[in-house]
Amino acid sequence: MKKHMSLLLLIIFLATSPGLKGFKIKEPAYQKKTSYSPEQSYVFEIIKNRRTVREFKSTPVPEEHVLKILEAAHFAPTAGNQQPWKFLVIQDRVQLDLLSEAALDWYADKYERQKNVSQEEIQNLRVRLEKILKKVLSAPVYVAVLVDSHAKYPDYILYDGTLAAGYMMIAARSLGYGTGFFTTFFPEKQMKEFFQIPDRYKLICFSPIGVPVQWPETPPKKDIQDLIVFESF
Ligand SMILES: Cc1cc2nc3c(=O)[nH]c(=O)nc-3n(C[C@H](O)[C@H](O)[C@H](O)COP(=O)(O)O)c2cc1C
């Protein structure tokens, strides 16, 4: 009896599961809406639960997932549909460890040049940075989002690149991965030298893709009411 019950429940679940019914994007309903379909709610949940992640498990990310995520990224809108992107994918652990060492030097050099600091302070900074970079570079996959300055509408490439990075982060979240829009430790000039990126490309961000050690709490977000202005200021 119990066995039959479980089977019946499984059949009901499979029959009503959104994945099996075929995904249809609904037309917007222009009446006031207070409830949303599971598919609609899922999209909002994914967006809300995307987090910047700064420490990862070594769990591999299949290349198929990387391609799926980047495919989503390339559906982002671009000026005149110019699609000026290159997604530089780095999966080689040796290369990432070398990057970690290099990034440490880049940051320490910058710190040294900006401030009148003692050798001891620099050493302390290096120790702290080493720990941070080890975590930040612990994911199995990284994507450098690049845009081509020779594109047709170069004035818009930063927007195009940033939108693709946003799409990429949302798509990765839907597959259970954490990401980040990293800039500070990975300055464009040094990154271009390190990865031999041709001069024409501009670095938008360097993003990990990986399973978080733990999902961070949502950082404080402003009250949406304070951000919306209807019609006119
Ligand atoms: C333009 C930009 C630059 C950022 N640079 C860095 C960075 O260098 N290092 C970092 O850890 N996070 C960086 N972030 C991520 C933000 O710190 C993060 O999005 C913010 O704290 C909100 O957290 P959430 O992404 O989890 O909502 C950057 C984000 C943006 C949009």
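Keep in mind the model is a prediction, meaning the values are calculated, not measured.

A. Region of the structure containing the environment of Leu129. Among the secondary structure elements, Leu129 is positioned in helix H6 (residues 119-136). Owing to 19 C-beta atoms within 10 Å, Leu129 belongs among the partly exposed residues under this scheme. Taking the C-alpha atoms as reference points, Leu129 and Phe185, separated by 56 residues in sequence, lie 9.6 Å from one another. Residue contacts for Leu129: discarding those within four places in its chain leaves Leu104, Tyr107 and Ala108.

B. Highlighting unusual backbone geometry. The phi angle at Gln196 is positive, at roughly 50 degrees, despite the residue not being glycine. Phi at Glu231 takes a positive value of approximately 65 degrees, unusual for a residue other than glycine.

C. Quick peek at the site of the ligand. Close contacts around the ligand come from Arg51, Thr52, Arg54, Gly180, Phe181, Phe182, Thr183, Thr184 and Pro219, and that covers them all. Looking at side-chain class alone, the shell around the ligand contains 3 nonpolar, 4 polar and 2 charged residues.

D. Layout of the sheet that holds strand E2 (residues 141-148). Strand order in the open sheet formed by 3 strands is E1-E2-E3, with antiparallel pairing between adjacent strands. Looking along the sheet, the strands with just one partner apiece sit at the ends: strand E1 (85-90) and strand E3 (201-209). The sheet shows a mean angle of 20 degrees between the axes of neighbouring strands, direction not considered. In terms of strand pairing, E2 meets E3 through 8 bridges, oriented antiparallel. Within E3, the position partnered with Val147 by the bridge is Lys202. Strands E1, E2 and E3 of the sheet are contacted by helix H4 (residues 63-73), whose axis makes an angle of about 160 degrees with E1.

E. Just the packing of helix H3 (residues 38-49) against helix H7 (residues 157-174), in detail. Running from N to C, H3 and H7 point in directions that differ by 110 degrees, and their axes come no closer than 9 Å. Accordingly, the angle class assigned to the pair H3 and H7 is roughly perpendicular. Once H3 is placed against H7, the crossing between them reads as right-handed. Across the interface between the two elements, Ile46, Ile47 and Asn49 from H3 touch Ile170, Arg173 and Ser174 from H7.

F. The arrangement of helix H5 (residues 93-114) in detail. The end-to-end C-alpha separation of H5 is 31 Å, in line with the 32 Å expected for 22 residues at 1.5 Å each. Buried within H5 are the following residues: Leu99, Ala103 and Tyr107. Down the axis of H5, the buried side of the element spans an arc of 65 degrees, and every buried residue falls inside it. Facing away from the buried side of H5 by over 90 degrees, the exposed positions are Val94, Leu98, Glu101, Asp105, Asp109 and Arg113. Residues of H5 that are buried sit in contact with H6 and helix H8 (188-194).

What counts as what
- Residues numbered from 1 in each chain as written.
- Predicted model: local features only at pLDDT ≥ 70, side-chain atom pairs only at ≥ 80, totals over all residues.
- Helix = DSSP H or I, 4+ residues; strand = E, 2+ residues; numbered from the N terminus.
- Buried ≥ 20, exposed ≤ 12 C-beta atoms within 10 Å, placed from the backbone.
- Contact = placed C-beta atoms within 7 Å.
- Near = placed C-beta within 6 Å.
- Nonpolar A, V, L, I, M, F, W, Y, C, P; charged D, E, K, R; others polar.
- Pairing = 2+ DSSP bridges.
- Axes fitted to C-alpha atoms, helices over the stretch in contact; angles between N-to-C directions.
- Parallel < 35°, antiparallel > 145°, perpendicular 65-115°, else oblique.
- Left-handed = near helix turned anticlockwise from the far one by under 90°.
- Expected span 1.5 Å × (residues − 1).
- Arc of directions from axis to C-beta.

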